[in-house]
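Summary of structural features
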Amino acid sequence: MSGWGPMAAAAGSAGSAGSAGSAGSAGSAGSAGSGAPVVGYDGVMGMPGYSGLVPNTMLANSLVLSRDLLLSGMASLGMTMPDKLRLSSYRDHGDGSGQYAASIEHLQPNVRAALGELEARQGLSVTGRGDGDVELKSTEMLLKLKRPSFDTIKGEQLKLVLSYADLRGERVNEIVSQVVPQTALWAAIAGLTPERHRFTWELLGIGLRLAMVTVMDFKLRMNVPRPTDLSALVQPMILTPGYTAYPSGHATEAYFAAEFLSILAAAILNEDKRSGSATLGDGAQDLPTQLHRAAFRIAENRVVAGLHYPVDSMAGQVLGIVLARWFVSRCCKLQVKPVNRGITFDASAAQANCELSLDVRPEDNALMKFGTPVTGTPTPGSVLSWLWAKAATEVKG
């Protein structure tokens, strides 16, 4: 799955270095691994070498010799008889709306990921500096984040980080496993598997890449120091990533995943209700709650680990949800949740001891002000709309 690894790949949380045992959670990434080589292909069929993933000059030489033998005396015949079946996938399959389904289907996943990311970022930009306001914009301002004051983070926020450290002993396994993308957790809640939901994972991976790049832009502009920069008492339990704190990247990505999967399930449920069926069942109503609670836990654990202030997680929550709704608008025209404009989160005006709450959504948080829905959002992209349709079919079963 190209594009996976957002904060984990960029940060590796610096791999949390010695806790590479967390690579054990790469086992959980097995949940994601629709992009991994198929077991049995590796050694038996030589797929990595054939694809160029692993250099294999002996295999290449074997193919050269085999071709010479197979084509002996048939060169002119091969030049005069084109294979119509092979060429059919390269014809223009456009339907006039920019949808080239056959062409998109034949792309490698990593190429689809690159094209999908371009579509997702179309019309989206981050502007401003941390000494003022930093805004996420499209045709209109979507989200404005204000930098927390130094007094806020060095005061009650830092005290909260120190108090959260008491939870490290009981959460150590969770925290280390959550350094990497939390694929196993999302899969457990949403019932996703790499075999049955490979396009869902592919689409989510593109979205998480969008979230990672965007939050890194905010971090650079905000330039808020990490807790360990302010106190020798913090002593994080895993290596502090080599970039700044605000907003939290893990919170941004976790809430992005929670909101995206919730919207996907809600869109399918609405379609089923209109057609007189409900294949997802009543339990689907609980999916958003469970996904957002999981996102809360992931965000909170980064505070427990000593890497973030609670206010970082709050900003990451609203950024992740705004980005998820934007991303869905680039995938389909059906808007279960609107892309709002004029959302603000003012960390400097927040209470000094503000914390992220378990079931508080941005719409219910007094620190976040939502405006009216955005008008004139871009037309869904060809690659993203194709993947959305595939994902919807997978999730619907």
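Before going further, it helps to examine the confidence of the model for the protein. Fine structural detail should not be taken from predicted coordinates in areas where pLDDT scores are low. Here the protein averages 76 in pLDDT, and 65% of its residues register 70 or above. Across the protein, element-level confidence peaks in helix H14 (residues 227-230) with a mean pLDDT of 96 and bottoms out in helix H2 (residues 26-29) with 41. Considering only residues more than four positions removed or in separate chains, one finds that residues 92-99, a stretch of pLDDT under 50, has ten contacts. For the stretch residues 365-372, pLDDT sits under 50, and the model shows 28 contacts to residues farther than four places along the chain or on other chains.

Our next topic: the packing of aromatic side chains. Per the stated rule, a full pass over the model turns up five aromatic pairs. Note on Phe256 and Phe260: the rings are 6.4 Å apart at their centroids and 10° apart in plane angle, and the pair reads as stacked. Taken together, the residues span about one helical turn, with Phe256 and Phe260 both in helix H15 (residues 249-274) at a distance of four residues. For Phe256, a relative accessible area of 0% puts it in the buried group. Each ring, one from Phe256 and one from Phe327, has its centre 5.7 Å from the other, and the planes form 55°; the classification is tilted. Of this pair, Phe256 sits in helix H15 while Phe327 sits in helix H17 (residues 310-331), and the two are 71 residues apart along the sequence. Overall, the relative accessible area of 0% leaves Phe327 in the buried class. A connected cluster of aromatic rings, assembled from ring pairs, spans Phe256, Phe260, Phe327 and Trp388.

Here we come to unusual backbone geometry. Most peptide bonds take the trans configuration, and most residues that are not glycine carry a negative phi. Following Tyr246, the chain continues into Pro247 via a peptide bond in cis, with omega recorded as -5°. With respect to the element layout, Pro247 can be found in the loop between H14 and H15.

Counting residues in each nonpolar core, the largest one holds 85 residues, and the members touching the most others are Leu136, Phe260, Phe327 and Trp388. Excluding its chain neighbours within four sequence positions, the residues that come into contact with Leu136 are Leu124, Ser125, Val126, Met141, Leu142, Leu143, Thr214, Phe218, Leu319, Val322 and Leu323.

A regular strand places its side chains so that they alternate between the two faces of the sheet. Here strand E4 (residues 343-346) shows one buried face, formed by Ile343 and Phe345, and one open face, formed by Thr344 and Asp346. Bridge count between strand E3 (residues 141-146) and E4: four bridges; the pairing is parallel. Paired with Lys144 across the bridge in E4 is Thr344.

It is the contact of helix H12 (residues 183-190) with helix H13 (residues 198-222), at a shortest axis distance of 13 Å, that shows an interaxial angle of 130°. As judged from the angle between their axes, H12 and H13 are oblique. Handedness of the H12/H13 crossing: right-handed. When H12 is examined against H13, the residues Thr183, Trp186 and Ala187 are found in contact with a partner set consisting of Trp201, Leu204 and Leu208.

Moving on to the state of the cysteines. Enumeration over the complete set of coordinates arrives at zero disulfides. The closest cysteine sulfur to the non-disulfide-bonded Cys331 is located on Cys332, 6.5 Å from its own sulfur.

Once that is clear, we can look at the environment of Arg221. Following the sequence through the fold, Arg221 ends up in helix H13. In this structure Arg221 touches Val126, Thr127, Gly128, Arg129, Gly130 and Val134, once residues within four positions along its chain are discounted.

For the rest of this paragraph, the subject is H17. End to end, H17 covers 32 Å across 22 residues, agreeing with the expected 32 Å (1.5 Å per residue, within 8%). In terms of residue burial, H17 counts as a mostly covered element, since 22 of its 22 residues are buried.

Glancing now at H13. Between its first and last C-alpha atoms H13 spans 36 Å; for 25 residues at 1.5 Å apiece the expected length is 36 Å, and the two agree. Most of H13 sits inside the fold, with 18 of its 25 residues counted as buried. Within two residues after H13, Asn223 carries a phi angle of roughly 55°, on the positive side.

Attention shifts here to a nonpolar patch on the surface. Residues Val111, Leu115 and Leu118 make up a contiguous nonpolar surface patch of roughly 250 Å² in combined accessible area. Topologically, Val111 is positioned in helix H9 (residues 109-121). Under the relative-accessibility criterion, Val111 is labelled partly exposed at 33%.

Across the interface, H17 lies against helix H18 (residues 382-396) with an axial gap of 7 Å and an inter-helix angle of 95°. Comparing the axis directions of H17 and H18 gives the class roughly perpendicular. Facing Phe327, Val328, Arg330 and Cys331 of H17, the residues of H18 in contact are Leu384, Ser385 and Trp388. Partitioning the contact of H17 with H18 into residue classes produces five nonpolar, one polar and one charged.

Attention shifts here to the pairing of strand E1 (residues 125-128). Pairing of E1 with strand E2 (residues 133-137) involves four bridges; the strand directions are antiparallel. For Gly128, the partnering residue across the bridge sits in E2 and is Val134. Linkage of E1 to E2, two consecutive antiparallel strands, is achieved through a turn of four residues.

Calculation notes
- Residues numbered from 1 in each chain as written.
- Predicted model: local features only at pLDDT ≥ 70, side-chain atom pairs only at ≥ 80, totals over all residues.
- Heavy atoms only, no water.
- pLDDT = per-residue confidence, 0-100.
- Helix = DSSP H or I, 4+ residues; strand = E, 2+ residues; numbered from the N terminus.
- Contact = heavy atoms within 4.5 Å.
- Phe/Tyr/Trp six-rings, centres within 6.5 Å; stacked < 30°, edge-to-face > 60°.
- Buried < 20%, exposed > 50% of the residue type's maximum accessible area, 1.4 Å probe, protein only.
- Core = buried A, V, L, I, M, F, W, Y, C linked by side-chain atoms within 4.5 Å.
- Pairing = 2+ DSSP bridges.
- Axes fitted to C-alpha atoms, helices over the stretch in contact; angles between N-to-C directions.
- Parallel < 35°, antiparallel > 145°, perpendicular 65-115°, else oblique.
- Left-handed = near helix turned anticlockwise from the far one by under 90°.
- Disulfide = S-S within 2.5 Å.
- Expected span 1.5 Å × (residues − 1).
- Patch = residues over 30% accessible without salt bridge, like charges linked within 9 Å, V, L, I, M, F, W, Y side chains within 5 Å.
- Areas by Shrake-Rupley, 256 points an atom, 1.4 Å probe, with all protein chains shown as cover.
- Salt bridge = Lys/Arg side-chain N within 4 Å of Asp/Glu carboxyl O.
- Nonpolar A, V, L, I, M, F, W, Y, C, P; charged D, E, K, R; others polar.

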